[in-house]
Amino acid sequence: MKHVIIGNGIAGVSAAEAIRLLEATADITIIGDETFPPYSRPMISHVLAGSQPHGKLPIRSEHFYADQKITPLLGRRAVGIDVAGRQVLLADDTRIGFDRLLIAAGADPRPLKAEGLDLKNIFYMRTQEHAKQQVAALDGARRAVVLGGGLVGFKAAYGLLRRGLAVTMLITSGYPLSMQVDETAGRMILDELVRHGLTVQVGVTVRAFEGNGSVRAAVTDAGTRLPCDMVIIGKGVLPCRTFIPKGQIEVDLGVVVDEHLQTTAPGIYAAGDVAEMVDIARGCRWVNALWPEAVGQGRVAGLNMAGREVAYPGSLSRNVMRVFDLDVLTVGNVTPREEAGYRIVQTGGAAQKYYRRLVLRDDLLVGAVMINRIEQGGVLRSLIENRIPIRLPPERLVAPGFNFGQLLY
Amino acid sequence: MKQVVVHPERCVGCMQCMLACATAHSRSLTLFAAVQETPQPKPRIHVGAGRFNEGFPNRCRHCDPAPCQMACLAGAIYRRDGAGTVMINPDRCINCASCAMACPYGVIRFHEDPLGPAGHAIAVKCDNCSARVAKGQIPACVEICKAGALTYEEMDAAMRRKTRDVSRSMSTDADQPAIPAGVALLKTIKQSEIALSGS
Ligand SMILES: Cc1cc2nc3c(=O)[nH]c(=O)nc-3n(C[C@H](O)[C@H](O)[C@H](O)COP(=O)(O)OP(=O)(O)OC[C@H]3O[C@@H](n4cnc5c(N)ncnc54)[C@H](O)[C@@H]3O)c2cc1C
Ligand code: SF4
Ligand code: SF4
């Protein structure tokens, strides 16, 4: 059996390991754009913040490919898939034949449209190379502008604040992380960031960058000039899907997969940030571009590719963030668009430096936000993920002393 | 291979296991000296209040596959070869708490630890007392527990006994699972108290 994997991120790596577990001798080829050893993408924000050195990014040995008997085609890009001919097309016209294919190409930063993007010290934040360049640009930098208040924008701003820069964050909603948390939690996070020196401008976008070689200012759509020595763009991500033949493999926002991670083309699978599948809490298809999802999906895709039928229960959004003195944990659907049909239970708030919000639908938990005392968050996630009917009164579930033991009777 | 087996129905909530665990994961290894150490050694087993306020000893299950390992952003969680013990490498952990989100039992804590890097909080959880076991001792929590709520057994023997207990408790004619009389009484009292107070 010849397995080909497009993408050497954690989804591709986890899939290769799962295949190797079941098939000691199968042919495995990984086509990967990045030549760096498999590494932790989330950790690049710790490198920017200075809490971890760049050297700690790899999470597999430099001999990973040899140890697992994988043929690596690194520094190469897939540009097309011949579905009927069972071949992957590379940029240099090489064709790689496959019996089973995994698309694990991840996501790219959502591009910004503005003038002056080619000035130095304007960055996206996705790869170890970006992190290296950002750290180099810190030297002598005093003021930074961060575009976007989602996960990556937030992490960029947090890292730059920790480096002692004066940071201005431009966001479209009223508080950061509005896709991840509800308004109460969002305001607590915002206050904490502002308390540590962050400047926030709401409802503002950037029209152009100015500078002479290097960026010196960002110009907003309202015409305001924001002086800066460094810009990080974090406006979300888009699945890498340009090389996928849409007529033959169904692509929505991401590549659509079933519970076995198989695309609409038999024998072709997708996993990780590029894949779109049913979200357990929302009950509809969703792209949950998250590390634990990429690991789990990659692993299950690999098992299925090696012939063991394993079902993936669906994806689930979840996140943990440390924001100076706040620990924030969020899972599932925390802000249902229509509140009708949902029950929301909350305790705490800004004054208590402690907050919990649970979202229930009938007797199922579908979402939770915790600020501080987050240790039991995994128990709540497990209740959501396994769709376990809640017999405990939600008031007990939301109380500070809640623990796993209370679910047993 | 022997493992710690938890029998929550026997727990009297005395929290002796927590003290013993903290001591076993201190630098000095004695309770008296451990309380004066900085950072303070902390327990890796947690006795929480159950539904009826009864004690519930909660510790890492060393799951296979381990959800915490799959969620770890830094590749810090690994399985010790042979023993099946899920371990956290204190030098790789970045204290991101991604594992707290993953663990279905809520057994991971985050703090500076005597056995970790100085001045940094890290993820800390049960390590099956691997240091003690290597010296021929049994896990500290089992050694101290006088209620029989924590035992150290060959896993298949423990499994067989659990199954037997469950099947016994299902059939009305048979004996109840062997809970010490005093503990059963304590639990009954607590449960009826709670029922009376209407919560
Ligand atoms: C700054 C930052 C912080 C984050 N923090 C968190 C966090 O705290 N928690 C969390 O859960 N998640 C976090 N994430 C998200 C997490 O990193 C991703 O979900 C995860 O890395 C996705 O893995 P993947 O393997 O699906 O994709 P990727 O890691 O994107 O890997 C895909 C690989 O495929 C390559 N590739 C793409 N197209 C091609 C092609 N055509 N040919 C060849 N190769 C190709 C890419 O270069 C890339 O190396 C963060 C991400 C960033 C950027
Ligand atoms: S920490 Fe939790 S998830 Fe990890 S092995 Fe232990 S019980 Fe399982
Ligand atoms: S806190 Fe440490 S052990 Fe837990 S997921 Fe993060 S790096 Fe891994």
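It should be emphasised that the depicted structure is a prediction, and the values quoted were computed from it without experimental measurement.

Conventions we followed
- Residues numbered from 1 in each chain as written.
- Chains lettered and ligands numbered in written order.
- Predicted model: local features only at pLDDT ≥ 70, side-chain atom pairs only at ≥ 80, totals over all residues.
- Heavy atoms only, no water.
- Domains from an automatic or database assignment.
- Contact = heavy atoms within 4.5 Å.
- Buried area = accessible area lost by both parts, 1.4 Å probe.
- Salt bridge = Lys/Arg side-chain N within 4 Å of Asp/Glu carboxyl O.
- Polar contact = N/O pair within 3.5 Å; in protein donor to acceptor, adjacent residues only side chain to side chain.
- Helix = DSSP H or I, 4+ residues; strand = E, 2+ residues; numbered from the N terminus.
- Buried < 20%, exposed > 50% of the residue type's maximum accessible area, 1.4 Å probe, protein only.
- Nonpolar A, V, L, I, M, F, W, Y, C, P; charged D, E, K, R; others polar.
- Pairing = 2+ DSSP bridges.
- Axes fitted to C-alpha atoms, helices over the stretch in contact; angles between N-to-C directions.
- Near = heavy atom within 4 Å.
- Areas by Shrake-Rupley, 256 points an atom, 1.4 Å probe, with all protein chains shown as cover.

Residues and elements named next belong to chain A. Considered domain by domain, chain A is made up of domain 1 (2–109 + 238–305), domain 2 (122–235) and domain 3 (325–408). The C-alpha centroid of domain 3 is placed 30 Å from the C-alpha centroid of domain 2. Counting residues at the interface gives nine residues for domain 2, matched by 15 residues for domain 3. Both faces combined, the contact of domain 2 with domain 3 buries some 960 Å², and carbon together with sulfur accounts for 68% of it. For domain 2, the biggest contributors to the area lost against domain 3 are Asp 182, Met 188 and Glu 192; these three give 52% of the whole. Remark: the boundary between domain 2 and domain 3 carries three salt bridges. Taking the shortest distance from any N to any O, the salt bridge between Arg 357 and Asp 182 comes out at 3.7 Å. Applying the counting rule to domain 2 against domain 3 returns three residue pairs in polar contact (both at pLDDT 80 or more).

With that settled, the discussion passes to the interface of chain A and chain B. Contacts between the two partners involve 36 residues from chain A, matched on the other side by 34 residues from chain B. The contact between chain A and chain B buries some 2900 Å² in all, and 58% of this surface belongs to carbon and sulfur atoms. There are zero salt bridges connecting chain A and chain B. The interface formed by chain A and chain B includes 13 residue pairs in polar contact (both at pLDDT 80 or more).

Right, let's talk about the pattern of salt bridges for a bit. Side chains carrying opposite charge are able to pair once their charged atoms draw close together. Summed over the entire model, instances satisfying the criterion amount to 28 salt bridges over all chains. For A:Arg95, the salt bridge goes to A:Asp82, with nearest N and O atoms at 3.8 Å. Taken as a pair, A:Arg95 in strand β6 (residues 95–97) and A:Asp82 in strand β4 (residues 78–82) lie far apart in primary sequence, 13 residues in all. The class of A:Arg95 is partly exposed, set by a relative accessible area of 46%. The salt bridge partner of B:Glu143 is B:Arg132, with a shortest N-O separation of 3.2 Å. Of this pair, B:Glu143 sits in helix α6 (residues 140–144) while B:Arg132 sits in helix α5 (residues 130–134), placing them eleven residues apart in sequence. For B:Glu143, a relative accessible area of 47% gives the class partly exposed. Note on B:Arg132: relative accessible area 14%, which makes it buried. Counted as one network, the salt bridges with shared partners bring together A:Glu192, A:Arg195, A:Asp325 and A:Lys353.

The next thing to look at is the domain arrangement of chain B. Accessible area lost when the parts come together is the quantity often used to give the size of an interface. Residues and elements named next belong to chain B. Domain parsing of chain B yields domain 1 (1–57 + 128–199) and domain 2 (60–125). Taken together, the contact pairs 15 residues of domain 1 with 17 residues of domain 2. Across the domain 1/domain 2 interface, buried area totals approximately 1300 Å², and carbon plus sulfur atoms make up 52% of it. The interface formed by domain 1 and domain 2 includes one salt bridge. Residue Arg 44 is joined to Asp 113 by a salt bridge in which the shortest nitrogen-to-oxygen separation is 3.2 Å. Taken together, the links from domain 1 to domain 2 amount to six residue pairs in polar contact (both at pLDDT 80 or more). Taken together, the residues of the side of domain 1 that touches domain 2 sort by class into four nonpolar, seven polar and four charged.

Attention now goes to the sheet that holds strand β13 (residues 206–212) of chain A. All names here are of chain A. Strand order across the open sheet formed by three strands is β13-β14-β15, with antiparallel pairing between neighbours. The sheet is open, and its two edges are formed by β13 and β15 (225–227), each paired on a single side. Ignoring which end each strand starts from, the neighbouring axes of this sheet average 30° apart. Both strand β14 (residues 214–220) and β15 contribute to a ladder of three bridges, which runs antiparallel. Residue pairing across strands places Val 219 opposite Arg 225, the latter belonging to β15.

Our focus in this paragraph is helix α8 (residues 377–385) of chain A. A large share of α8(A) lies buried, amounting to eight of its nine residues. Tucked into the core, α8(A) has its buried residues touching β22 (318–323), β23 (326–332), β25 (354–361), β26 (364–371) and α9 (394–397) of chain A together with α4 (98–102) of chain B.

Moving on, we come to the sheet that holds β23(A). Residues and elements named next belong to chain A. With respect to topology, five strands assemble into an open sheet ordered β22-β23-β26-β25-β24, the strand pairing being antiparallel. Both edges of this open sheet fall to β22 and β24 (343–349), since each of them pairs with a single strand only. Taken over all neighbouring pairs, the strand axes of this sheet differ in orientation by 10° on average, direction set aside. Relative to β25, β24 runs antiparallel, the two being bridged by seven bridges. When the sheet's bridge partners are listed, Arg 343 is paired in β25 with Leu 360. Packed on one face of the sheet, α8 meets β22, β23, β25 and β26 and runs near 160° to β26.

Turning next to the environment of A:Glu192. Residues and elements named next belong to chain A. Checked against the element boundaries, Glu 192 lands in helix α6 (residues 183–195). Along the chain, Glu 192 and Leu 326 lie 134 residues apart, while their C-alpha atoms are 7.6 Å from each other. Excluding residues within four positions of it along the chain, Glu 192 makes contact with Val 323, Phe 324, Asp 325, Leu 326 and Lys 353.

With that settled, the discussion passes to the site of ligand 1. Around ligand 1, the surrounding shell holds 33 residues, and the nearest of these are A:Glu34, A:Arg41, A:Arg126, A:Lys155 and A:Asp273. Neighbouring residues of ligand 1 are not confined to a single chain but are spread across chains A and B. Within the contact set of ligand 1, an oxygen atom lies 3.4 Å away from a side-chain nitrogen or oxygen of A:Asn8. Between ligand 1 and A:Asp33 there is a distance of 3.1 Å, counted from a nitrogen atom to a backbone nitrogen or oxygen. Protein burial of ligand 1: of its 1000 Å² of free accessible surface, 96% is covered by the chains. Among the elements of the structure, α1 (10–22), β2 (27–32) and α7 (291–305) of chain A are those that each provide at least two residues to the shell around ligand 1. Its residues assigned to classes, the shell around ligand 1 comprises 18 nonpolar, seven polar and eight charged. Both domains that meet at the shell around ligand 1, namely domain 1 (2–109 + 238–305) and domain 2 (122–235) of chain A, each give it at least three residues.

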